[in-house]
Each structure stands twice: as C-alpha cells, then as structure tokens.
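# Examining the three-dimensional arrangement
As a plain string of letters, each chain reads:
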Amino acid sequence: MTGTTASTQQLLLSRIRDVADYPKPGVVFKDITPLLADPVAFTALTDALAELCLRHGATKVVGLEARGFILAAPVAVRAGLGFVPVRKAGKLPGATLSQSYELEYGSAEMEIHAEDLDAEDRIMIIDDVLATGGTAEASLELIRRAGAQVTGVAVLMELGFLAGRDRLAPALRGAPLEALITI
C-alpha cells in the first residue's frame, strides 16, 4: 500500500463500477470509465501515481496497452517524465523488441520500440489492474531486455484473489509493486 490516504482510496473506489458477466458469464469487470470521467478522481489518481514515480526515482513511465496508456501518459506529464507505450504486437512502426506471454486461453505478444529505452533509464510500469500478473511479468522482461532498469510497478487496483502479486514476485527482482487499491 502506498501513501495514498483513505479518503483518496474511497474516492477512487466510489468511481469504479462493477459490470456483471462481462466479458463473459461469471466475471465481474471493474470499469474505470466513471473514474476517468470525474476530473477530481482522475486528478487524485494521476497525482498518486506521479508521486510514486518520483518517490522511486523513475526517469520514464511505461504504460501497458490499453488502459495503462490512459493512466500512464498524464502521470508522466505530471511527474515531468517521458512516456513509453508497450503495445500489442504489430502496432508499433520501426524496430521493436517483442515478448510473448500466456493468457488464460492462449498466448499474446507485446512490443516496445527498441530505441525508446537505454541503460540509464529507470522505469515505472503503470497499468490499471494487476490480475494474474502475466502482462506485468512480460513487460518486466521486455523492459530489461531493452537495457533499462525497473524501479517499480504501480497499478490503480490489484485483484488480490487472483494472486498476481505472488506470480510477479520473482520477476520483480526486489522492485516494489504498488497498488493504490486492493480488492
């Protein structure tokens, strides 16, 4: 848990909507669009994540496709840092590094521009949700393969019942995992 106040946590939680049976029966989807539509809540979220970037000495922010982009870009601006997207395979032009990872049913691949990171960069990875940890784990590997250092992973919410933190622990190699809210 970060230095996020209880009132900020409550504000963020109050703007996250549960959508039953989406994207498939039995799943309760955590919809953050009401939070994004509320300028007070979105600013509180951006400020909290920017503070984490600065506290951990990040020089760039990496946002994971797609909702991680929505959070990471304003965080980078607020913290005065660069923003680097990690995209689904085939979405970035030019030279890329790619990393495949396992999903619940099958696999996927993500990419980053090879020239966007170097050995001097200290990266804070930002995403909306930590679920099973597969996407975050792949992004850690991808960033290290690009030659950069990982200063941490920060998410709006962690779905604790899916044990993503446990899966991610070895890949973090001591870097912090910060969740503003744990459900």
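Please read these numbers as outputs of a predicted model, since none were measured by experiment. (Residues numbered from 1 in each chain as written. Predicted model: local features only at pLDDT ≥ 70, side-chain atom pairs only at ≥ 80, totals over all residues. Heavy atoms only, no water.)

### Concerning the overall build of the protein
Applied cut-off: Helix and strand labels come from DSSP, where a helix needs a run of H or I of at least four residues and a strand needs a run of E of at least two; each type is numbered from the N terminus. For a compact globule the rule gives 2.2 Å times the number of residues to the power 0.38, and the radius of gyration it is set against comes from C-alpha atoms. Accessible area is worked out with a 1.4 Å probe on protein chains only. A residue is then buried under 20% of its type maximum, exposed over 50%, and partly exposed in between. In this description, contact between two residues means that some pair of their heavy atoms is separated by no more than 4.5 Å. For every accessible area listed, the method is Shrake-Rupley and the probe measures 1.4 Å; residues are considered covered only by the protein chains on display. Working convention for charge: Lys and Arg count positive, Asp and Glu count negative, and His plus the chain ends are omitted. All charge positions are set by atom: Lys at NZ, Arg at CZ, Asp at CG, Glu at CD.
For the protein, the helix and strand inventory stands at six helices and nine strands. Its C-alpha radius of gyration of 16 Å places the protein within 12% of the 16 Å reference for a compact globule of 183 residues. Taken over the C-alpha atoms alone, the protein extends approximately 40 × 40 × 30 Å along its principal axes. Looking at the protein as a whole, 45% of its 183 residues qualify as buried. Relative to all contacts within the protein whose residues are 6 or more apart in sequence, the contacts with residues 24 or more apart total 64%. In the structure as shown, the protein presents an accessible area of about 8500 Å², 55% of it carried by carbon and sulfur atoms. Put simply, the protein has 17 plus and 23 minus side-chain charges, and the middle of one group is 2 Å from the middle of the other.

### Looking at a nonpolar patch on the surface
In plain terms, the rule: Excluding any residue in a salt bridge, patches collect residues exceeding 30% relative accessible area, merging like charges within 9 Å and nonpolar Val, Leu, Ile, Met, Phe, Trp and Tyr side chains within 5 Å. For salt bridges, the criterion is a side-chain nitrogen of Lys or Arg within 4 Å of an Asp or Glu carboxyl oxygen.
Taken together, the side chains of L13, F161, L162 and I183 make up a nonpolar region of the molecular surface, amounting to roughly 360 Å² of accessible area. Its place among the elements puts F161 in the loop between β8 (149-158) and α6 (164-172). The class for F161 is exposed, based on a relative accessible area of 62%.

### Things to note about the packing of helix α1 (residues 6-14) against helix α3 (residues 39-55)
Put simply, the rule reads: Orientation is described by axes fitted as lines to C-alpha atoms, over the contacting stretch for helices, and by angles from 0 to 180 degrees between their N-to-C directions. Roughly parallel covers angles under 35 degrees, roughly antiparallel covers those over 145, roughly perpendicular covers 65 to 115, and oblique covers all other angles. Each crossing gets its handedness from the near helix: less than a right angle anticlockwise from the far helix is left-handed, clockwise is right-handed. In the scheme used here, Gly and all other residues not listed as nonpolar or charged are polar, with Ala, Val, Leu, Ile, Met, Phe, Trp, Tyr, Cys and Pro taken as nonpolar and Asp, Glu, Lys and Arg as charged.
Here α1 crosses α3 at 125 degrees, and the two axes come no closer than 10 Å. On the basis of their axis angle, the class for α1 and α3 is oblique. The handedness of the crossing between α1 and α3 comes out as left-handed. When α1 is examined against α3, the residues T8, L11 and L12 are found in contact with a partner set consisting of V40, A41, A44 and L45. Across the contact of α1 with α3, the residue classes break down as six nonpolar, one polar and no charged.

### Digging into the pattern of salt bridges
Inspection of the entire model under this criterion finds 11 salt bridges. In this structure, R17 engages D31 in a salt bridge whose closest nitrogen and oxygen atoms are separated by 2.2 Å. Of the two residues, R17 sits in strand β1 (residues 17-20) while D31 sits in strand β2 (residues 28-31), which places them 14 residues apart along the sequence. When salt bridges that share partners are traced, they join E51, R55 and E178 into one network.

### Here we look at the sheet that holds strand β7 (residues 122-130)
The following threshold applies: The pairing criterion for strands is at least two bridges between them, as found by DSSP.
Here we have seven strands laid out as an open sheet, ordered β5-β6-β4-β3-β7-β8-β9, and mixed in their pairing. If you trace the sheet from one side to the other, it starts and ends with β5 (96-103) and β9 (177-182), each paired once. Shown here is a sheet whose adjacent strand axes are inclined to one another by a mean of 25 degrees, direction ignored. In the sheet, β7 pairs with β8 via eight bridges, with the strands oriented parallel. Paired with L130 across the two strands is E158, which belongs to β8. Running over the sheet, α1 touches β8 and β9 and is turned about 65 degrees from β9. Running at roughly 165 degrees to β9, α6 makes contact with β5, β7, β8 and β9 of the sheet.

### Some details on the side chain of Q99
Position of Q99 relative to the elements: it lies in strand β5. Among all residues touching Q99, those that are not within four sequence positions of it are A108, E109, M110, A138, E141, L142 and R145.

### With respect to the pairing of strand β4 (residues 82-88)
Regular strands show a simple pattern: their side chains alternate between the two faces of the sheet. Put simply, the rule is: With strands facing away from the observer, any crossover in which the path from the first strand over the helix to the second runs clockwise is taken as right-handed.
Of the pairings in the sheet, the one linking strand β3 (residues 60-64) to β4 comprises five bridges and is parallel in character. Counterpart to G63 in the pairing with β4 is P85. Once the chain exits β3 it traverses helix α4 (residues 67-79) before rejoining the sheet at β4, and the crossover so formed is right-handed. Here β4 pairs with strand β6 (residues 106-113) via two bridges, running antiparallel. From the neighbouring strand, R87 faces β6, where its bridge partner is E111.

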